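Close look at the chain arrangement
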Amino acid sequence: MWDEYIMDYYHFDRCTGLLTDWQTLQLKKPKIFDFLGCSFSPNNRYFYNSSLDYITQFDTREKNFLQQPDTVAIWDSTYLDRQTWVLFNAGSS
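Here goes a summary of the coordinates provided. (Residues numbered from 1 in each chain as written. Predicted model: local features only at pLDDT ≥ 70, side-chain atom pairs only at ≥ 80, totals over all residues. Heavy atoms only, no water.)

On to the packing of aromatic side chains, then. Counted under the stated rule, the structure contains four aromatic pairs. Judged by centre distance (6.3 Å) and plane angle (45°), the rings of tyrosine 9 and phenylalanine 40 are tilted. Here tyrosine 9 is found in strand E1 (residues 4-12), whereas its partner phenylalanine 40 is found in strand E3 (residues 35-40), with 31 residues between them in sequence. Aromatic pair phenylalanine 47 and phenylalanine 58: ring centres 5.8 Å apart, planes at 45°, arrangement tilted. Separated by 11 residues along the polypeptide, phenylalanine 47 in strand E4 (residues 46-51) and phenylalanine 58 in strand E5 (residues 54-59) bring together distant segments of the chain. Summarising the burial analysis for this pair, phenylalanine 47 and phenylalanine 58 share the class buried. In textbook terms, an aromatic cluster arises when at least three aromatic residues are bridged by ring pairs, as seen for Tyr9, Phe40, Phe47, Phe58 and Phe65. (Phe/Tyr/Trp six-rings, centres within 6.5 Å; stacked < 30°, edge-to-face > 60°. Helix = DSSP H or I, 4+ residues; strand = E, 2+ residues; numbered from the N terminus. Buried < 20%, exposed > 50% of the residue type's maximum accessible area, 1.4 Å probe, protein only.)

In structure tokens, the structure reads:
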């Protein structure tokens, strides 16, 4: 269904509202719903991308860091709790 998806990364200056240092990451042929979320480490150095099977870490201090992913976790199918579900609804209320 999807051939690729794109993630954009910017530095945001909260005082001026300016976005700078734009970088784009193109990921090829993900499974549908493969991209589940993302977050930053408490010190803002590491950016994490989660999917159904992987957690990928990016070191934001490295130049072109979006091109240097580090897989830090792979689901090994040893635990699957079918009792917990999370739904995202993009509809309006």
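Attention now goes to the pairing of E5. Sheet analysis places E4 next to E5, joined by five bridges and oriented antiparallel. When the bridges of E5 are listed, phenylalanine 47 appears paired with phenylalanine 58. In textbook terms, the turn of a hairpin is the stretch between consecutive antiparallel strands, and for E4 and E5 this stretch comprises two residues. Relative to strand E6 (residues 70-74), E5 is paired through four bridges, and the arrangement is antiparallel. Of the residues in E6, the one forming a bridge with tyrosine 54 is isoleucine 74. (Pairing = 2+ DSSP bridges.)

Our focus in this paragraph is a nonpolar patch on the surface. Together, Tyr10, Phe12, Leu19 and Trp22 make up an exposed nonpolar region whose accessible area comes to about 490 Å². Of all the secondary-structure elements, those providing two or more residues to the nonpolar patch are E1 and strand E2 (19-28). If you trace the backbone, tyrosine 10 turns up in strand E1. (Patch = residues over 30% accessible without salt bridge, like charges linked within 9 Å, V, L, I, M, F, W, Y side chains within 5 Å. Areas by Shrake-Rupley, 256 points an atom, 1.4 Å probe, with all protein chains shown as cover. Salt bridge = Lys/Arg side-chain N within 4 Å of Asp/Glu carboxyl O.)

Considering all chains together, one arrives at one salt bridge under this definition. Residues aspartate 59 and arginine 45 are paired through a salt bridge, measuring 2.7 Å at the closest nitrogen-oxygen approach. Placement of aspartate 59 in strand E5 and of arginine 45 in the loop between E3 and E4 is noted, with a sequence separation of 14 residues between them. Among the residues examined, aspartate 59 registers a relative accessible area of 14% and is labelled buried. Look at arginine 45 and you get partly exposed, because its relative accessible area is 22%.

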